[in-house]
Amino acid sequence: MPPRTRTDDWPCPIARAADLVGDSWTVLILRDAFGGIRRFEDFQRNLDAPRSVLTRRLRQLVDDGLLVRVPYQDRPPRDEYRLTEKGRAFWDVLAAMWRWGDTWAFEDRAPIVLTDAETGAEIEPMVVDANTGRPLEVRATRIRSRRD
């Protein structure tokens, strides 16, 4: 298999983000971390991922600063994985993926829902412009250099 093309020096934010989390295992690990999973065995059990794959992806998420290893046991030494500020910021990406997947990846809708922790009401994520609060629409959006 040829080496993966790295895009960490490209000027495009999407390319750089894809370079950090460019496979489904990585995204699913982050999803589970947001769901409260912290320990290797629990990730492995929940994802049924090969141990070698899970080890590599967790190490990469730590190296890239999305997760941090925190000791929870001395004998034998054991660490758990916690989201960093950078990792917690990835929630917006997962929420957007949730919305898209719920709308387009099921015949009807997904059998699971996101709910508000206080009210229990179903949540439908939406990507909005932080400056105006308006939903982003592709036809009203352009990509340009900051130098323009």
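Every chain is numbered on its own, with residues counted from 1 as its sequence reads. Totals for whole chains, interfaces and linings use all residues, but because this is a predicted model, local features are given only for residues with pLDDT of at least 70 and pairs of side-chain atoms are given and counted only at 80 or more. Calculation of side-chain values draws on the structure's entire complement of heavy atoms; hydrogens and water are dropped beforehand.

The helix count covers DSSP runs of H or I at least four residues long, the strand count covers runs of E at least two residues long, and both are numbered beginning at the N terminus. By secondary structure assignment, the location of Trp25 is in helix α2 (residues 24-34). Separated by 22 residues in the primary sequence, Trp25 and Leu47 place their C-alpha atoms 8.4 Å from one another. Here, two residues are considered to be in contact whenever any of their heavy atoms come within 4.5 Å of each other. Not counting residues within four places of it along the chain, the set of residues in contact with Trp25 comprises Leu47, Asp48, Ala49, Pro50, Val53 and Arg57.

Below, the discussion takes up the layout of surface pockets. The space that makes up the largest pocket amounts to roughly 1,100 Å³. Only protein atoms enter the 1 Å grid used here, on which a cavity is any set of points holding a 1.4 Å probe that cannot leave and a pocket is any open set flanked by protein within 12 Å on both sides along at least five of seven lines; residues with an atom within 4 Å of a point are listed as lining. Lining the largest pocket are 22 residues, with Pro13, Ile14, Leu136, Thr141 and Ile143 sitting closest to its centre. Elements with a contribution of two residues or more to the lining of the largest pocket: α1 (13-20) and α6 (91-104). Counting residues per element, the lining of the largest pocket draws most heavily on α1, which supplies 4 residues. Following the grouping adopted for this structure description, the nonpolar residues are Ala, Val, Leu, Ile, Met, Phe, Trp, Tyr, Cys and Pro, the charged ones are Asp, Glu, Lys and Arg, and the polar ones are all others, Gly among them. Looking at side-chain class alone, the lining of the largest pocket contains 13 nonpolar, 2 polar and 7 charged residues. Grid points are joined across faces, edges and corners, and a volume is the space filled by probe spheres set on the points. By volume, the second largest pocket amounts to about 530 Å³.

Turning our eyes to something else, we now look at the packing of aromatic side chains. A ring pair, where both rings are aromatic, is described by two values, the distance of the centres and the angle of the planes. Within 6.5 Å between ring centres, the rings of Phe, Tyr and Trp (the latter by its six-membered ring) count as paired, and their orientation is classed by plane angle as stacked under 30 degrees, edge-to-face over 60, tilted in between. Enumeration over the complete set of coordinates arrives at 2 aromatic pairs. When the ring of Phe34 is compared with that of Trp91, the centres are 5.2 Å apart and the planes differ by 50 degrees; the resulting orientation is tilted. Of this pair, Phe34 sits in helix α2 while Trp91 sits in helix α6, placing them 57 residues apart in sequence. The classification of residues rests on relative accessible area computed with a 1.4 Å probe and restricted to protein chains. Under 20% of the type maximum is buried, over 50% is exposed, and intermediate values are partly exposed. Using a relative accessible area of 25% as the deciding quantity, one classes Phe34 as partly exposed. For the pair Phe43 and Tyr81, a centre-to-centre distance of 6.5 Å together with 70 degrees between the ring planes defines the contact as edge-to-face. Placement of the pair is Phe43 in helix α3 (residues 40-47) and Tyr81 in strand β2 (residues 78-83), with a sequence separation of 38 residues. Its relative accessible area of 0% is what places Phe43 among the buried residues. Seen from the ring of Tyr72, Arg39 lies directly overhead, with NZ or CZ sitting 3.6 Å from the centre. We call a charge positioned above a ring when the Lys NZ or Arg CZ atom is no farther than 6 Å from the ring centre and deviates by at most 35 degrees from the ring normal.

The probe, sized like a water molecule, is rolled over the atoms to show the empty space still left. On inspection of all chains with the given rule, the structure shows 1 cavity of 30 Å³ or more. Computed from the structure, the largest cavity encloses a volume of approximately 40 Å³. Forming the walls of the largest cavity are Trp98, Arg99, Asp102, Arg109, Val113, Leu114, Glu122, Ile123, Glu124 and Pro125. Residue assignment for the lining of the largest cavity shows that the elements contributing at least two residues are α6 and β4 (122-123). A per-element tally of the lining of the largest cavity places α6 first, with 3 residues.

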